[in-house]
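One letter stands for each residue in the lines below.
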Amino acid sequence: MSHSELASIFNKNEKKVDWHDKALWFVRHKRDLSVHEVKGWEALRNLGHGIKAHTLSNLDNYLIEFEANAIKNDIQVHWAADGDEHNRIVHNIIKESNGKKVVKSKSMLTEECHLNPFLEAHGIEVIDTDLGERIVQLAKEKPSHIVLPAIHKNKHEVDKLFQEHLGTKPCDGDPQYLTGEARKHLRQKFIQADVAITGVNFAIANTGGFVVCTNEGNADMGAQLAPVHIACMGVEKIIPKQEHLGVFLRLLARSATGQPITTYSSHFKKPRKGEKMHIVIVDNGRTEQLSRPDFRTSLHCIRCGACMNTCPIYRRSGGHSYDATIPGPIGSILSPGKDLKKYSSLPFASTLCGSCSDVCPVKIDIHSQLYKWRQIITKETPQPFVKAQTMKIMGQMFSKPSQFERVGKAVRWSLRNLPKSVINSKLNTWGKARDLPEGPKQSFDQWYEERKNNQKD
Amino acid sequence: MNSRDQILAKLKTNKPKLIDLPLIETSIFRDEGLDIIKEFIKKVEVVGGNVLEVTSNQDVINKIESTFTNQEVCYSHIKGTQGFNTISLETIQNPHDLENLDVLILESTLGVAENGSVWLSDQEIPVRVLPFITKHLAVVISKKDLVEYMHEAYSRLSGFNYGVFLAGPSKTADIEQSLVIGAQGALSITIFLKQ
């Protein structure tokens, strides 16, 4: 289904849409308050952009450097060309350590590779330990936001879900009680786990270490207890030096939730005594995205979610309407690179207002890339008949000023005189959920001419 | 070709021409009038922690014992406070045995004013899971060990095998955006500031 079709399902519950819209705008507002406190914020964003651009232009060498240093640190490094290979590698590591129970902290990459169903099919229990991710896992859904995975669910739904799966008491959706019960439930899972899987926020080439950021402490509760730690990362997570963390850790949490830093920014470099540590480096379409000059900066993304919180379309259509691992504006420029046909409606899920680019901590020109994908998609994928014809007619009309003027006159008259049933007919998608304005008597040209003449007098 | 070589070859072909690495000029971020200690205290409170000023390690113990009464399992890793400990780490076979830890006291030698975080590395954490598995965490830090920004913090860091910037108690807002303190990690954090 297209984005607009899925969005119309989400839009059926108007109260929920309203809540979703306001909740995310509140997060965006917290981001503003937080970044305005930082002196030199724009310079910091420029640095973020510049460091990422440099790294991508030398990515092969930085990965080689990272691998060599990681091996020196007693970390085993694996490489996966695609999601399938990634899943096989992770499964093999678990098998070799006779693991049956896995705890996993948030990792959009493992979502992208569909790791959970793969491991479950091989009889391995995988527990998502971020509270939001655990909620959507119990509901057999996917995260609808990369930082706030369960933002589409209200507390009463969580209450019901926990009663059903964790045996909690009815509590009228009390978040404190529900979080406390989840804590007890997840403690058991942490204690029993054979293997801990985490994502990677930043991997540092010159030290061979990597950083994982969480607010809940779930990455460390997993990784510091289980005898095996597997960290999965996309090739683009590399930064050259440790000092660059100073830039990115200042940018990340402020952009994501307005916090000055996440509660835990854990720096893993060597496994603890008696533990095994693995890193899986994954391509899965990233090298191809790097080959596209117009779109390669989409690989700068540090997964803060700010573009989602600010997007008027995302806030009112919900993350699931994108039907992609990464929803929202950034997802809409990443996904078409993976499957142009499947994701052909996503670059159109935007007003091109540019708010996403304004808040992006690493200055990705998201809205220009949305526009550029539209150019490609319109040429390469079949467009709906009505849209294609309308565009053709519009193109002809706009090409001749005299014709434009004549049509304009007719439309202004129609808006004033025709009944609403005709104006808002099925063909006019703009009239679907709104009334069109009353047609003015003058065109802008006429008004301008008249004004000029009056000034002469 | 194996996946490693394949990926590296593709990156080599597909990457753009080398772009210069920008230098980090930290002077543009510096706020000359900033009171580091005041800012640090403010930010620790913003991220949900408490700050208490103390004169000695014994003072830390006294204050903890009056705040957290009747705690069963306690461990302190700061000098001269062995009397506080109810467990010995030597007898801990496995990090899982720390599951019932109530109060933990650690020392940090680096705190960051702009975000209220303290740095804890394996030099300060005898078992890595400690600051996460404990119910209540206390961190002692000297005022002289506070820096303004993350840039200064990183210029002081080297030679660790594991370390964490820790800011406030563990928290989540995953249920309807309501902030709940105490997710999977510590339920509270108290920073003890020494002269």
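Residues numbered from 1 in each chain as written. Chains lettered and ligands numbered in written order. Predicted model: local features only at pLDDT ≥ 70, side-chain atom pairs only at ≥ 80, totals over all residues. Heavy atoms only, no water.

A. Geometry of the overall build of chain B. When you go through chain B residue by residue, the secondary structure sums to 5 helices and 11 strands. Taken against the 2.2 N^0.38 rule, which gives 16 Å for 195 residues, the C-alpha radius of gyration of chain B at 20 Å runs more than 25% over that of a compact globule. C-alpha extents for chain B along the principal axes are approximately 65 × 50 × 40 Å. Burial statistics for chain B: of 195 residues in total, 55% are counted as buried. Taking contacts inside chain B between residues at least 6 apart in sequence as the whole, the part at least 24 apart equals 72%. Total accessible area computed for chain B in this model is approximately 8600 Å², and 48% of it derives from carbon and sulfur atoms. Across chain B, the 18 positively charged side chains and the 25 negatively charged ones have centroids separated by 8 Å. (Helix = DSSP H or I, 4+ residues; strand = E, 2+ residues; numbered from the N terminus. Rg over C-alpha atoms; globule rule 2.2 N^0.38 Å. Buried < 20%, exposed > 50% of the residue type's maximum accessible area, 1.4 Å probe, protein only. Contact = heavy atoms within 4.5 Å. Areas by Shrake-Rupley, 256 points an atom, 1.4 Å probe, with all protein chains shown as cover. Lys, Arg positive; Asp, Glu negative; His and termini not counted. Charge placed at Lys NZ, Arg CZ, Asp CG, Glu CD.)

B. Here's a closer look at the domain arrangement of chain A. Residues and elements named next belong to chain A. Considered domain by domain, chain A is made up of domain 1 (1-14 + 21-33 + 307-382), domain 2 (38-284) and domain 3 (394-456). For domain 1 versus domain 2, the separation of C-alpha centres amounts to 23 Å. On the domain 2 side, the residues contacting the 21 residues of domain 1 number 27 residues. For the pair domain 1 and domain 2, the summed buried surface comes to about 1900 Å²; carbon and sulfur atoms form 57% of the total. Seen at the junction of domain 1 and domain 2, the total is 1 salt bridge. For Glu112, the salt bridge is made with Lys338, and the minimal N-O distance between the two is 2.8 Å. Across the domain 1-domain 2 interface, the total number found is 11 residue pairs in polar contact (both at pLDDT 80 or more). For the side of domain 1 that touches domain 2, the secondary structure elements donating two or more residues are α2 (14-35), α14 (306-310) and α17 (355-359). Among the elements that line the side of domain 1 that touches domain 2, the one with the most residues is α2, at 5 residues. (Domains from an automatic or database assignment. Buried area = accessible area lost by both parts, 1.4 Å probe. Salt bridge = Lys/Arg side-chain N within 4 Å of Asp/Glu carboxyl O. Polar contact = N/O pair within 3.5 Å; in protein donor to acceptor, adjacent residues only side chain to side chain.)

C. Local environment of the sheet that holds strand β9 (residues 264-268) of chain A. Within the open sheet, the 8 strands sit side by side as β8(A)-β5(A)-β6(A)-β9(A)-β8(B)-β5(B)-β4(B)-β7(B). Their pairing is mixed. Each edge of the open sheet is held by one strand with a lone partner, namely β8 (238-239) of chain A together with β7 (146-147) of chain B. Bridge count for strand β4 (residues 111-112) of chain B against β7 of chain B is 2 bridges, and the pairing is parallel. Within β7 of chain B, the position partnered with Gly111 of chain B by the bridge is Leu146 of chain B. (Pairing = 2+ DSSP bridges.)

D. Just the pattern of salt bridges, in detail. Scanning the entire structure with this criterion turns up 35 salt bridges over all chains. A salt bridge links Lys43 of chain B to Glu37 of chain A; the nearest nitrogen and oxygen atoms lie 3.1 Å apart. Separated into two different chains, Lys43 of chain B in helix α2 (residues 36-46) and Glu37 of chain A in the loop between α2 and α3 (41-56) make up a pair that spans both. In this structure, the salt-bridge partner of Arg4 of chain B is Asp5 of chain B, at a minimum N-O distance of 3.1 Å. Residue Asp5 of chain B is classed as partly exposed on the basis of its relative accessible area of 30%.

E. Quick look at the packing of aromatic side chains. On inspection of all chains with the given rule, the structure shows 12 aromatic pairs over all chains. Both rings, one in Phe444 of chain A and one in Tyr448 of chain A, keep their centres 5.9 Å apart while their planes meet at 25 degrees; by these two values the pair is stacked. Residue Phe444 of chain A and its partner Tyr448 of chain A are both found in helix α22 (residues 444-456); the two are separated by 4 residues, about one turn of the helix. Residue classification places Tyr448 of chain A among the partly exposed residues on the basis of a relative accessible area of 39%. An aromatic cluster of three or more residues is present, and its members are Trp119, Tyr154, Phe160 and Phe165 of chain B. Against the face of Phe160 of chain B rests Lys269 of chain A, its NZ or CZ located 4.5 Å from the ring centre. (Phe/Tyr/Trp six-rings, centres within 6.5 Å; stacked < 30°, edge-to-face > 60°. Lys NZ or Arg CZ within 6 Å of the ring centre and 35° of its normal.)

F. Highlighting the interface of chain B and chain A. Taken together, the contact between chain B and chain A spans 70 residues of the former and 91 residues of the latter. Interface area for chain B against chain A, summed over the two sides, is near 6900 Å², with a carbon-plus-sulfur share of 61%. Taken together, the connections running from chain B to chain A amount to 5 salt bridges. The tally of links from chain B across to chain A stands at 36 residue pairs in polar contact (both at pLDDT 80 or more). Secondary structure elements with two or more residues in the side of chain B that touches chain A: α1 (3-14), α2, β5 (117-121), α4 (130-133), α5 (150-155), β8 (162-166), β9 (171-172) and β10 (180-181) of chain B. When grouped by side-chain class, the residues that make up the side of chain B that touches chain A number 36 nonpolar, 18 polar and 16 charged. The pairing of β9 of chain A with β8 of chain B spans 5 bridges and is antiparallel. Directly across from Phe268 of chain A, in β8 of chain B, lies its bridge partner Tyr162 of chain B. (Nonpolar A, V, L, I, M, F, W, Y, C, P; charged D, E, K, R; others polar.)

G. Looking closely at the state of the cysteines. Residues and elements named next belong to chain A. Within the structure shown, the criterion is met by 0 disulfides over all chains. Distance from the sulfur of Cys311, which forms no disulfide, to the nearest cysteine sulfur (Cys353) is 6.6 Å. Accessibility expressed as a relative area gives 8% for Cys311, which makes it buried. (Disulfide = S-S within 2.5 Å.)

H. Representation of helix α4 (residues 59-72) of chain A within the structure. Residues and elements named next belong to chain A. Over its 14 residues, α4 runs 20 Å from end to end, which matches the ideal 20 Å to within 8%, given 1.5 Å per residue. Among the residues making up α4, those that are buried are Leu59, Asp60, Tyr62, Leu63, Phe66, Glu67, Asn69 and Ala70. Looking one or two residues past α4, Asp74 carries a phi angle of roughly 70 degrees, positive in sign. (Expected span 1.5 Å × (residues − 1).)

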